[in-house]
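Residues per chain, in single letters:
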Amino acid sequence: MNSASACCWWRLALPIADELEESLIWKLTELGISRIAVQHVPEKAERTLLAWLPSSEWSESDRDQLMVNLRPLAEPFGLQLANPTWCEVADEDWSLNWKQHWQSDPVGQRLLILPAWLDLPQEYADRLVVRMDPGSAFGTGSHPSTRLCLEALEKNPPLGLRVADLGCGSGVLGFAALGFGARQVLAADTDSQAVCASRANAELNQLDLDRFRVVHGSVDALSAQLQGEVVDLLLCNILAPVIEALASSFDQLLSANGRCLLSGLLVDQAPRLQVVLEALGWRVNSLTVQGCWGLLDVSKR
Ligand SMILES: C[S@@+](CC[C@H](N)C(=O)[O-])C[C@H]1O[C@@H](n2cnc3c(N)ncnc32)[C@H](O)[C@@H]1O
């Protein structure tokens, strides 16, 4: 094996069954791995989960341990994980891979997520187009937790609202919110690559700073940007334990009638999160489910 180098990545390639895709992506994200792609090969009816890990941070024993952590996820489905293939690749491999496998993606009835390098397909000419070049940030719109938010925004458009997007990734939720009528979006992410990707995508969608602004950090960074003002809607697609840890600070960001769309939780985690949120004084309006993922719509009481 090559020695680890700071500019290279370990690329994991793991053939998977359809039903394992969501829980494996969830587990990888929980373990701090956000550079993930799934290759679909329709003619072969199979898919391969790809993940990129910085070589300098993942020793051979760390990678073995990662597989030990992933294997139990197949058990509830009566499946076994295939053997992974690891290879060391250069930085550009990540984005090249996206470009090969990412297609225009209609979401709901009105939205189209369109990769930056593709032309608008004629059949979607009447859709609201969000152009994206996700770089290495999560958020192509294809993950169920993202789709749940996008569909909720379409169903209940944030007309004239000021919106915050916490954990913005590539910025996709904020751009869709603006497309569905939001007045302004303030976004934040703790991953500096996500901040860069969101800025680049804002430019791609020709949004100026009055409408879309992104900052590095979390709730505190949003608060600092707001300078005592508030938003009407908070979008937060992060994992349940993170939402749980941050929930007590959401209140300061929101207006008296404020609402939150909280995604990134597994359906099994919803009851616990609901109890935590209610204890903090939030009213849970609905739980929407897609596969094993859930979205909670909550508002101030
Ligand atoms: C699941 S991705 C969601 C990306 C995008 N909003 C979407 O819906 O597709 C979660 C994002 O939250 C960011 N994140 C994780 N913990 C965070 C925190 N405490 N505050 C702000 N961002 C956080 C991650 O860096 C990642 O970009």
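Residues numbered from 1 in each chain as written. Predicted model: local features only at pLDDT ≥ 70, side-chain atom pairs only at ≥ 80, totals over all residues. Heavy atoms only, no water.

Looking at UniProt, the chain carries the name Ribosomal protein L11 methyltransferase, with the source organism given as Prochlorococcus marinus. Per UniProt, the chain carries the Catalytic activity text "L-lysyl-[protein] + 3 S-adenosyl-L-methionine = N(6),N(6),N(6)-trimethyl-L-lysyl-[protein] + 3 S-adenosyl-L-homocysteine + 3 H(+)". Turning to the chain, the UniProt record has this under Subcellular location: "Cytoplasm". (UniProt positions renumbered as here; feature names shortened; annotations may be inferred.)

A separate point is the overall build of the chain. Check the secondary structure of the chain and you find 9 helices and 14 strands. Computed over its C-alpha atoms, the radius of gyration of the chain comes to 19 Å, within 12% of the 19 Å expected for a compact globule of 301 residues. In terms of principal-axis extent, the alpha carbons of the chain reach across some 55 × 45 × 35 Å. Taking all 301 residues of the chain together, the buried fraction comes to 51%. (Helix = DSSP H or I, 4+ residues; strand = E, 2+ residues; numbered from the N terminus. Rg over C-alpha atoms; globule rule 2.2 N^0.38 Å. Buried < 20%, exposed > 50% of the residue type's maximum accessible area, 1.4 Å probe, protein only.)

Strand pairing in a sheet is mediated by backbone hydrogen bonds. Such pairs are either parallel or antiparallel. The 3 strands are arranged 5-6-7 in an open sheet whose pairing can be described as mixed. Unpaired on one side and paired on the other, strand 5 (105–107) and strand 7 (128–132) mark the two borders of the sheet. Between one strand axis and the next, the sheet turns through 25° on average, direction left out of account. Bridge count between strand 5 and strand 6 (residues 111–115): 3 bridges; the pairing is antiparallel. Each bridged residue has a counterpart across the sheet, and for proline 106 the counterpart in strand 6 is leucine 112. Contacts between helix 4 (residues 144–155) and the sheet are confined to strand 5 and strand 6, with strand 5 contributing the most and set at about 50° to the helix. (Pairing = 2+ DSSP bridges. Axes fitted to C-alpha atoms, helices over the stretch in contact; angles between N-to-C directions. Contact = heavy atoms within 4.5 Å.)

Close contacts around the ligand come from 18 residues, with Thr146, Gly167, Asp189, Ser218 and Asn237 the closest. Threonine 146 is positioned with one of its side-chain polar atoms (N or O) 2.7 Å from an oxygen atom of the ligand. Interatomic distance of 2.6 Å between a side-chain N/O atom of aspartate 189 and an oxygen atom of the ligand. Elements with a minimum of two residues in the shell around the ligand: helix 5 (172–179) and helix 8 (240–246). (Near = heavy atom within 4 Å. Polar contact = N/O pair within 3.5 Å; in protein donor to acceptor, adjacent residues only side chain to side chain.)

Another aspect to go through is the packing of helix 4 against helix 5. Closest axis-to-axis distance for the helix 4/helix 5 pair is 10 Å, and the angle between their directions is 10°. By the criterion of interaxial angle, the relationship of helix 4 to helix 5 is roughly parallel. As for the relative orientation of helix 4 and helix 5, their crossing is right-handed in sense. For the pair helix 4 and helix 5, the contacting residues are Thr146, Cys149, Leu150 and Leu153 in the first and Val172, Leu173, Ala176 and Ala177 in the second. Looking at the contact of helix 4 with helix 5, its residues break down into 7 nonpolar, 1 polar and no charged. (Parallel < 35°, antiparallel > 145°, perpendicular 65-115°, else oblique. Left-handed = near helix turned anticlockwise from the far one by under 90°. Nonpolar A, V, L, I, M, F, W, Y, C, P; charged D, E, K, R; others polar.)

Sequence positions flagged by UniProt for "binding site: S-adenosyl-L-methionine" are, in local numbering, Thr146, Gly167, Asp189 and Asn237. Locating aspartate 189 in the fold gives a position in strand 9 (residues 184–189). What aspartate 189 contacts, discounting residues up to four positions off in sequence, is Gly167, Cys168, Gly169, Ala194, Val195, Val215, His216 and Gly217. Along the polypeptide, asparagine 237 turns up in strand 11 (residues 231–237).

Let's shift gears to helix 5. Within an α-helix, residues lying three or four positions from one another point in the same direction, as the helix has 3.6 residues per turn. The element helix 5 is largely enclosed, with a buried count of 7 among its 8 residues. For helix 5, the set of buried residues is Val172, Leu173, Gly174, Phe175, Ala176, Ala177 and Leu178.

Moving on, we come to the packing of aromatic side chains. Taken as a whole, this structure holds 1 aromatic pair when the rule is applied. Just above the ring of tryptophan 10 sits the side chain of arginine 63; from NZ or CZ to the centre is 3.7 Å. (Phe/Tyr/Trp six-rings, centres within 6.5 Å; stacked < 30°, edge-to-face > 60°. Lys NZ or Arg CZ within 6 Å of the ring centre and 35° of its normal.)

Looking at the chain, the domain boundaries give domain 1 (8–99) and domain 2 (103–300). Here domain 1 and domain 2 have C-alpha centroids that lie 25 Å from each other. (Domains from an automatic or database assignment.)

Here the focus is the environment of valine 195. Its location among the elements puts valine 195 in helix 6 (residues 192–204). By relative accessible area, valine 195 is classed as buried at 5%. Note: C-alpha distance between valine 195 and glycine 167 (28 residues apart in sequence) is 9.5 Å. Filtering out sequence-adjacent residues up to four positions away, valine 195 remains in contact with Asp189, Val214, Val215 and His216.

Here the focus is the pattern of salt bridges. Overall, the coordinates contain 6 salt bridges when judged by the stated rule. For the salt bridge of arginine 47 with glutamate 21, the shortest nitrogen-to-oxygen distance reads 2.2 Å. Here the residue arginine 47 occupies a position in strand 3 (residues 46–54), and glutamate 21 occupies one in helix 1 (residues 21–30), the gap between them amounting to 26 residues. The buried category is assigned to arginine 47, whose relative accessible area is 16%. For glutamate 21, a relative accessible area of 17% corresponds to the buried category. Its salt-bridge partner being arginine 272, residue glutamate 244 comes within 2.6 Å of it at the nearest N-O pair. Highlighted residues: glutamate 244 in helix 8 and arginine 272 in helix 9 (residues 270–279), separated in sequence by 28 residues. A residue is classified by how much of its surface remains accessible, and arginine 272, at 56% relative accessible area, is exposed. (Salt bridge = Lys/Arg side-chain N within 4 Å of Asp/Glu carboxyl O.)

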